[in-house]
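Chain residues, written in single-letter form:
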Amino acid sequence: MNTDKKRAEDLTVVENRKINKDYYVLKLASKTDLPKIKAGQFVELLVEDTRNAFLRRPISIYDVQPECNSFELLIQIVGEGTQLMSQLQTGDTINTMYPLGNGFQTETKSKNILLVGGGVGLAPLLYLAKKLNDKGIRPKILLGGRAENNIIEIDNFEKYGDIFISTEDGSLGEKGFVTQHSVMNESIDKIYTCGPDPMMRAVGDIAFSKNIDCEVSLENMMACGIGACLCCVTDTKEGHKCVCTDGPVFNTNELKWNIA
Amino acid sequence: MDLNTRIKIGGLDLKNPVMTASGTFGYGPEFEDFIDINRLGGIVVKGTTLHHREGNAYPRMAETPSGMLNAVGLQNKGVDVFCKDIYPSIKHYDTNILVNVSGSTVEEYIETAARINELDHIPGIELNISCPNVKEGGMAFGTSCPSAVAVTHAVREVYKKTMVVKLSPNVTNIAEIAKAVQDVGADGVSLINTLLGIAVDAETRKPLLSTITGGLSGPAVKPVALRMVWQVSKAVNIPIIGMGGIMNATDAIEFMLAGASAIQVGTANFIDPTVSMKIVDGIEDYMRRHGVTDVNDLIGAMIED
Ligand SMILES: Cc1cc2nc3c(=O)[nH]c(=O)nc-3n(C[C@H](O)[C@H](O)[C@H](O)COP(=O)(O)OP(=O)(O)OC[C@H]3O[C@@H](n4cnc5c(N)ncnc54)[C@H](O)[C@@H]3O)c2cc1C
Ligand SMILES: Cc1cc2nc3c(=O)[nH]c(=O)nc-3n(C[C@H](O)[C@H](O)[C@H](O)COP(=O)(O)O)c2cc1C
Ligand code: FES
């Protein structure tokens, strides 16, 4: 089997770890060797037995354990699909299309790297931080959220980077938006970010004004996940591009964001 | 048991009745990692227009109970890019590749069809007079008999291979339109395209699509689609390609019993990219189970006393 092909496969749940009432980590395993997975790629999960979560749910790959043929997903409960999946038990199976999307560009000459994760947008940044560590780079990692209970998995991220935290209500770390955090003033030559759209745009603005190279991972609504339906497009300088195949990661200089 | 699964639609010889629907299957390569495209009866590629189209603004999709609304708006690179860049990479498929042809004016349909006519490995077109997501043309042609006749007749003059006309369900009498396009030379009709709908977010009070209206597809539309296939089958004697919410082989069989000679799988490709193969196999299983040796015997075989 060509291991780099995309698959639609019944994966086995080997762990469903509850972080708090809103977040959980699903660990899924294949019976065969995993295809090559890049940081920033995602999966499409099929939620069965529901009329409302009719389409698959796109979720970023949080971490990969190639030696166990498994990977992890960090999921926030926001609606019926993510709620139903939170009830999966060890031994259950879930049909998964993977690996999808382009992933982050990790070939970089930059040394002073900042990762900015807003809310559950931190999910694709863990595996990215690991990959950067493999290249001898320990990034700065800024985690932002509304309040303390939205700042999760610090212990895990700490292993791969220096942690900075901001919350809107000041319950943990510096008070305010990620863009107001003091780490933004340090010398940085590359930013990778994922989170709510307004946050990514604000981070993109700062990167642009300081001439810092910036990659963003977009979360557009998707139907197929493989470039067939053209539902998930974002406006780029070269016209509409599919977030599911040309993204989810884009360099901000490709996008038509109204930056400065 | 020896089974015949071959079906004829005009000049098309399909190895089985299972095709993929326009706009839901890209051009084919998108699905190559998941299935053997050569096992399909046919594929219908994305709606193609004379000129490049960017389509509508995002958001263009909204999930609805057992279905979805889309308002893609015929995003495509135009017929010349199709002929030059896309066609060479798919023409080797051992299946019937149909191009879904659309336009804002009759002239655009004619010009696009004429260029597709030159491609050796494209045995047919599906004339899309039913796209609900464009401001000009599209569905406007398919919702009245005179305009449906005008565009079908005009394209028939320049297009020499198999021409299937794709009908809109957003009409009061679909059988009448089917009959009218048959009379001006359609080799077959395909139905249904999507049903016009709206989705609103009660919390924000905003529509979920940038265009407000979009086209509904998926299991939610199946009973309507079946009814229309059945009505059209009573009105025409050209083959019908049925679609609308087909998720499995049983659904496909139901469309054939209601009068379809072949079927297309659309939205289901998003839920399971391998579903078309399961439908090919499932139709054979059904035939064995029911002692049907020729799939043609299923067409219109619904028992109506
Ligand atoms: C490439 C990509 C990667 C993603 N990675 C993760 C991840 O690692 N962890 C995670 O928890 N979530 C992630 N998401 C978002 C996740 O897909 C949605 O939260 C999920 O589909 C919601 O499903 P639901 O049935 O629970 O909620 P629904 O009831 O469908 O929706 C609840 C709310 O979620 C929003 N929503 C629905 N679908 C999406 C979507 N595709 N993108 C953004 N918002 C959506 C809706 O607007 C609505 O307000 C990702 C999305 C994309 C496109
Ligand atoms: C995202 C999307 C894009 C579509 N694009 C086209 C198109 O370009 N041309 C066309 O004739 N039909 C298009 N359709 C309609 C389908 O081909 C089909 O008629 C319809 O979806 C009903 O079948 P289904 O319920 O199996 O999806 C599109 C449907 C969807 C969901
Ligand atoms: S989700 Fe279908 S093209 Fe991206």
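Conventions we followed
Residues numbered from 1 in each chain as written. Chains lettered and ligands numbered in written order. Predicted model: local features only at pLDDT ≥ 70, side-chain atom pairs only at ≥ 80, totals over all residues. Heavy atoms only, no water. Helix = DSSP H or I, 4+ residues; strand = E, 2+ residues; numbered from the N terminus. Rg over C-alpha atoms; globule rule 2.2 N^0.38 Å. Contact = heavy atoms within 4.5 Å. Lys, Arg positive; Asp, Glu negative; His and termini not counted. Charge placed at Lys NZ, Arg CZ, Asp CG, Glu CD. Domains from an automatic or database assignment. Buried area = accessible area lost by both parts, 1.4 Å probe. Salt bridge = Lys/Arg side-chain N within 4 Å of Asp/Glu carboxyl O. Polar contact = N/O pair within 3.5 Å; in protein donor to acceptor, adjacent residues only side chain to side chain. Nonpolar A, V, L, I, M, F, W, Y, C, P; charged D, E, K, R; others polar. Near = heavy atom within 4 Å. Pairing = 2+ DSSP bridges. Axes fitted to C-alpha atoms, helices over the stretch in contact; angles between N-to-C directions. Buried < 20%, exposed > 50% of the residue type's maximum accessible area, 1.4 Å probe, protein only.

Student: Any chance you could explain the overall build of chain A here in plain terms?
Tutor: Tallying secondary structure elements over chain A gives 4 helices and 16 strands in all. Radius of gyration (C-alpha) of chain A: 18 Å, near the 18 Å computed for a compact globule of 260 residues. Its C-alpha atoms give chain A principal-axis dimensions of about 45 × 40 × 35 Å. Of all intrachain contacts in chain A linking residues separated by at least 6 positions in sequence, the fraction that spans at least 24 positions is 60%. Of the side chains in chain A, 29 bear a positive and 35 a negative charge, and the two mean positions are spaced by 3 Å.

Student: When you look at the domain arrangement of chain A in this model, what are you seeing that I'm missing?
Tutor: Where the parts come together, the accessible area they lose is often given as the size of the interface. Residues and elements named next belong to chain A. Examined at the domain level, chain A breaks down into domain 1 (7-100) and domain 2 (113-254). Among the residues of domain 1 in contact with domain 2, Tyr23, Ala39 and Tyr62 are the three that bury the most area, contributing 27% of the side total. Linking domain 1 with domain 2 are 2 salt bridges, by the criterion used here. For Lys130, the salt bridge goes to Asp63, with nearest N and O atoms at 2.8 Å. Taken together, domain 1 and domain 2 are joined by 7 residue pairs in polar contact (both at pLDDT 80 or more). Mapped onto the side of domain 1 that touches domain 2, the elements with two or more residues apiece are strand 2 (23-29), strand 3 (42-45), strand 4 (57-60), strand 5 (63-65), strand 6 (70-76) and strand 7 (93-100). A class-by-class count of the residues in the side of domain 1 that touches domain 2 yields 15 nonpolar, 4 polar and 5 charged.

Student: Could you clarify how one ought to interpret the site of ligand 1 in this entry?
Tutor: Residue and element names in this part refer to chain A. Residues in close proximity to ligand 1 total 20 residues, the closest being Pro58, Leu74, Gln76, Gly81 and Thr82. Within the backbone of Ser60, a nitrogen or oxygen atom sits 3.0 Å from a nitrogen atom of ligand 1. In the model, a nitrogen atom of ligand 1 is placed 2.8 Å from a nitrogen or oxygen of the Leu74 main chain. Elements with a contribution of two residues or more to the shell around ligand 1: strand 4, strand 6 and helix 1 (80-86). Residue contributions to the shell around ligand 1 peak at 4 residues, all from strand 4. Taken together, the residues of the shell around ligand 1 sort by class into 11 nonpolar, 6 polar and 3 charged. Built from parts of two domains, the shell around ligand 1 gets at least three residues from each of domain 1 (7-100) and domain 2 (113-254).

Student: I would appreciate a short explanation of the sheet that holds strand 2 of chain A in the present structure.
Tutor: The strands making up a sheet associate through backbone hydrogen bonding, with each pair oriented either parallel or antiparallel. Residues and elements named next belong to chain A. Spatial strand order, 4-3-7-1-2-6-5: 7 strands in an open sheet with antiparallel pairing. Either end of the sheet is taken by a strand with one partner, and the two such strands are strand 4 and strand 5. Each strand of the sheet is rotated relative to its neighbour by a mean of 35°, with strand direction disregarded. Pairing analysis gives 7 bridges linking strand 2 to strand 6, with the strands arranged antiparallel.

Student: Can you help me understand helix 7 (residues 249-257) of chain B in this one?
Tutor: Note: α-helices contain 3.6 residues per turn, so residues at a spacing of three or four share the same orientation. Residues and elements named next belong to chain B. Residues Ala249, Asp251, Ala252, Ile253, Phe255 and Met256 constitute the buried set of helix 7. Those residues of helix 7 that are buried are in contact with strand 1 (7-9), helix 6 (222-235), strand 15 (240-242), strand 16 (262-265) and helix 9 (275-289). Backbone nitrogen of Thr250 and a side-chain oxygen of the N-cap are separated by 3.2 Å at the start of helix 7; the cap is Asn248. Looking one or two residues beyond helix 7, the residue adopting positive phi is Gly259, at roughly 130°.

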